[in-house]
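Residue-level structure breakdown
Residues per chain are reported as follows:
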Amino acid sequence: DSTGMLIKLLKETDKKIVAHYCKIGNNKQQLQQLKAAQYIVKYCKEHYRDFEFVVTEMTFPSLSGVIHTLFLFSTAGLILAQQNKEITAVARGFSTLYDQARPGARKVLKSLYEHGTDRKIVQLFPLEGLEKHEVLKIIPEELRSYTWVCTKPLKNIPCAACPSCLERQKAEKKLIDLSKIII
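For the structure given in this document, a descriptive report is provided here. (Residues numbered from 1 in each chain as written. Predicted model: local features only at pLDDT ≥ 70, side-chain atom pairs only at ≥ 80, totals over all residues. Heavy atoms only, no water.)

It is worth spelling out the packing of aromatic side chains at this point. Under the criterion given, the structure shown has 1 aromatic pair. A ring pair is formed by Tyr-39 and Tyr-146, whose centres lie 4.2 Å apart and whose planes are at 20 degrees; its orientation type is stacked. Taken as a pair, Tyr-39 in helix α2 (residues 28-47) and Tyr-146 in the loop between α7 (141-144) and α8 (163-179) lie far apart in primary sequence, 107 residues in all. Using a relative accessible area of 32% as the deciding quantity, one classes Tyr-146 as partly exposed. (Phe/Tyr/Trp six-rings, centres within 6.5 Å; stacked < 30°, edge-to-face > 60°. Helix = DSSP H or I, 4+ residues; strand = E, 2+ residues; numbered from the N terminus. Buried < 20%, exposed > 50% of the residue type's maximum accessible area, 1.4 Å probe, protein only.)

Here we take up the environment of Gln-123. In this structure, Gln-123 sits in strand β4 (residues 122-124). Under the relative-accessibility criterion, Gln-123 is labelled buried at 16%. In this structure, the C-alpha to C-alpha distance between Gln-123 and Ala-91, residues 32 residues apart in sequence, is 5.7 Å.

Over its 20 residues, α2 runs 29 Å from end to end, which matches the ideal 28 Å to within 8%, given 1.5 Å per residue. All of the buried residues along α2 are Gln-29, Gln-30, Gln-33, Leu-34, Ala-36, Ala-37, Ile-40, Val-41, Tyr-43 and Cys-44. (Expected span 1.5 Å × (residues − 1).)

Attention shifts here to the layout of surface pockets. In this model, the second largest pocket occupies a volume close to 240 Å³. What lines the second largest pocket is a set of 16 residues, among which Ser-145, Thr-147, Trp-148, Val-149 and Pro-158 lie closest to the centre. Counting only elements with at least two residues in the lining of the second largest pocket, the list comes to α2 and α8. Considering each element in turn, the lining of the second largest pocket owes the most residues, 4 residues, to α8. (1 Å grid on protein atoms, 1.4 Å probe; cavity = no way out; pocket = protein on both sides within 12 Å on 5 of 7 lines; lining within 4 Å. Points joined across faces, edges and corners; volume = space filled by probe spheres on them.)

Now for unusual backbone geometry. Located in the positive-phi region is Ala-160, a residue other than glycine, with phi close to 70 degrees. Mapped onto the secondary structure, Ala-160 falls in the loop between α7 and α8.

The next subject is the environment of Lys-23. Relative to the helices and strands, Lys-23 is located in strand β1 (residues 18-24). Between the C-alpha atom of Lys-23 and that of Thr-56, which follows or precedes it by 33 residues, the distance is 6.0 Å.

Bringing the pattern of salt bridges into the picture now. By the definition in use, this model includes 6 salt bridges. Glu-52 is the salt-bridge partner of Lys-16, the closest N and O atoms lying 3.8 Å from each other. In this pair, Lys-16 is assigned in the loop between α1 (2-12) and β1 and Glu-52 in strand β2 (residues 52-58), connecting sequence segments 36 residues apart. What makes Lys-16 exposed here is its relative accessible area of 54%. Using a relative accessible area of 33% as the deciding quantity, one classes Glu-52 as partly exposed. Two residues, Glu-46 and Lys-42, come together in a salt bridge whose shortest N-O distance is 3.3 Å. Of this pair, Glu-46 and Lys-42 are both found in helix α2, 4 residues apart, which corresponds to roughly one turn of the helix. (Salt bridge = Lys/Arg side-chain N within 4 Å of Asp/Glu carboxyl O.)

Moving on, we get to the side chain of Thr-147. With respect to the helices and strands, the residue Thr-147 is situated in the loop between α7 and α8. Reaching out from Thr-147, the side chain makes a polar contact with the side chain of Arg-168 at a distance of 2.9 Å. The residues contacting Thr-147, other than those within four sequence positions of it, are Thr-3, Ile-40, Ile-139 and Arg-168. (Polar contact = N/O pair within 3.5 Å; in protein donor to acceptor, adjacent residues only side chain to side chain. Contact = heavy atoms within 4.5 Å.)

Put into C-alpha cells, the structure is as follows:
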C-alpha cells in the first residue's frame, strides 16, 4: 500500500514529500526489501517528481508481528517528524482491508502523533476507501513485483499462503478480471 500511496501523493499534490522507509532488522529479507524500496524511489523520481527519501533502522527483538511493525514505523516516523520541523502531516498507506483487520490502529497512531510531538501533526490516509485491487491499479505494472506483501516468506520468496499473499492474489485476479470487461 505504501507504494500506491506514494505514487498517489506524487501525482495529486505539489507538497514537499519525505518518503520514510523503516528497516526492521538486518537479515537477508530486510536487505532485499530495502533494495526494492530504493528501486521504487528511483522509478518514482524519474517518472513523477523529486522527493526526499529517508531510511531509519530500528529493531526490538522482544517484539514481533504486526504490533511490532506498527510500533516501529510509528516511532521512527515520530522521531523523523520531531527532527524535521517542516513535517506537518504524516500519510499512512492503510487501505480499507487494513482498517477492517486492525480497527484500533488509527486510534493508536492519532494519539501518538497528537501527544508525542511538540506540535500537532495531521494524519492523512490517501488510500482511504480503496480496495486492494484499486491500490494495485495505481502502481505501474513494472513496479508491482517490487512491492512486498508476504509476512511469512520462504527463503525470500512469497509463501503464497499467508493472509497478505492471499489478499494480493485476490486483488491481482480482480484486476485481471476487470481488464477483460469491454465497455
